[in-house]
Every structure is written in C-alpha cells, then in structure tokens.
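# Descriptive structure summary
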Amino acid sequence: IAKNKFTVVKFTAKWCNPCKNCQPLVEECLKLLPGVDFITIDIDDNTGINSYYRVKAVPTFWAFCYKDPMFTAEGSDEKIILDFFQKVADECSK
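Rules used throughout
- Residues numbered from 1 in each chain as written.
- Predicted model: local features only at pLDDT ≥ 70, side-chain atom pairs only at ≥ 80, totals over all residues.
- Heavy atoms only, no water.
- Core = buried A, V, L, I, M, F, W, Y, C linked by side-chain atoms within 4.5 Å.
- Buried < 20%, exposed > 50% of the residue type's maximum accessible area, 1.4 Å probe, protein only.
- Disulfide = S-S within 2.5 Å.
- Helix = DSSP H or I, 4+ residues; strand = E, 2+ residues; numbered from the N terminus.
- Polar contact = N/O pair within 3.5 Å; in protein donor to acceptor, adjacent residues only side chain to side chain.
- Contact = heavy atoms within 4.5 Å.
- Pairing = 2+ DSSP bridges.
- Axes fitted to C-alpha atoms, helices over the stretch in contact; angles between N-to-C directions.

A separate point is the nonpolar core. Counting residues in hydrophobic clusters, the biggest one holds 17 residues, and the most contacted among them are Val26, Phe84, Phe85 and Val88. Counting 12 residues, the second-largest nonpolar core is a separate cluster that includes Val9, Cys19, Val55 and Trp62.

This part is about the state of the cysteines. One way to say it: the disulfide is the covalent bond shared by the sulfur atoms of two cysteines. The full count for this structure, using the stated rule, is one disulfide. Two residues share a disulfide in this structure: cysteine 16 and cysteine 19, whose sulfurs sit 2.4 Å from each other. Since a negative S-S torsion denotes a left-handed disulfide, the cysteine 16-cysteine 19 link at about 80° is right-handed. Residue class for cysteine 16 comes out buried when judged on its relative accessible area of 3%. Looking at cysteine 29, it has no disulfide partner, and the nearest cysteine sulfur is the one in cysteine 22, 9.8 Å off. On the basis of relative accessibility, which here comes to 9%, the residue cysteine 29 falls in the buried class.

Another point: the side chain of aspartate 42. Tracing the backbone through its elements, the reader meets aspartate 42 in strand β2 (residues 36–42). A distance of 3.2 Å separates a polar atom in the side chain of aspartate 42 from the backbone nitrogen of lysine 14. The residues contacting aspartate 42, other than those within four sequence positions of it, are Thr12, Ala13 and Lys14.

A few words on the sheet that holds strand β3 (residues 60–65). In space, the four strands of this open sheet follow the order β2-β1-β3-β4, with mixed pairing throughout. Across the chains shown, the open sheet's two edge strands, defined by having one partner strand only, are β2 and β4 (68–74). Strand after strand, the sheet turns through a mean of 20° between neighbouring axes, direction not considered. Across six bridges, strand β1 (residues 6–12) lies against β3 in antiparallel orientation. The residue bridging lysine 10 from the neighbouring strand is phenylalanine 61, located in β3. Sheet strands in contact with helix α1 (residues 17–31) are β1, β2 and β3, and its direction is about 170° off that of β1. Along the sheet, helix α3 (residues 78–92) makes contact with β1, β2, β3 and β4, crossing β4 at roughly 160°.

What follows is the structure in structure tokens.
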C-alpha cells in the first residue's frame, strides 16, 4: 500500500453478485485516477485483514494515503461508489 501515495482497496467475495455488478463502474472511476493503485481482497481468502478493517459487508471500499486509512464506503449503490471516488479524486488533487 505504501508504494503509491493513494491506494483504493475493494473488499469483495467470489459469491458476491453486487461486487461483480459494480465492477464496471469502479473500473470507469479508476480510469480517471491514473495515479491511484487498486487492490482487490477476497474476504473469504483473507479473514485476518477483513477483520482488522472491520468489514461487515461486501463490497466495502477503503482509501489509503500511503499506509494511513482515509475513508471507507460500503455497498454497491452507484451513488455510494461515485461519492467515494469523488472523495479520492478530491484528495488526489490536494
């Protein structure tokens, strides 16, 4: 996570249809943020890290500045995802 200034992490699961359905929107948002790293973490394969970040539902998104968590969003609703990525864009422009 510390490699780039900004990193977005998406907590997901193979069985999660909303996670799959929102992925095209996530990819479109990421195209507008070329300097942001993107990591996907499967909650079933990484129970320790999702417990650490208190992931209660999928998809859950976390934004990091270096190693420091900045903010999070939970859900696959288009407005939630767009608002989350707008916050990331606002932070990147500072």
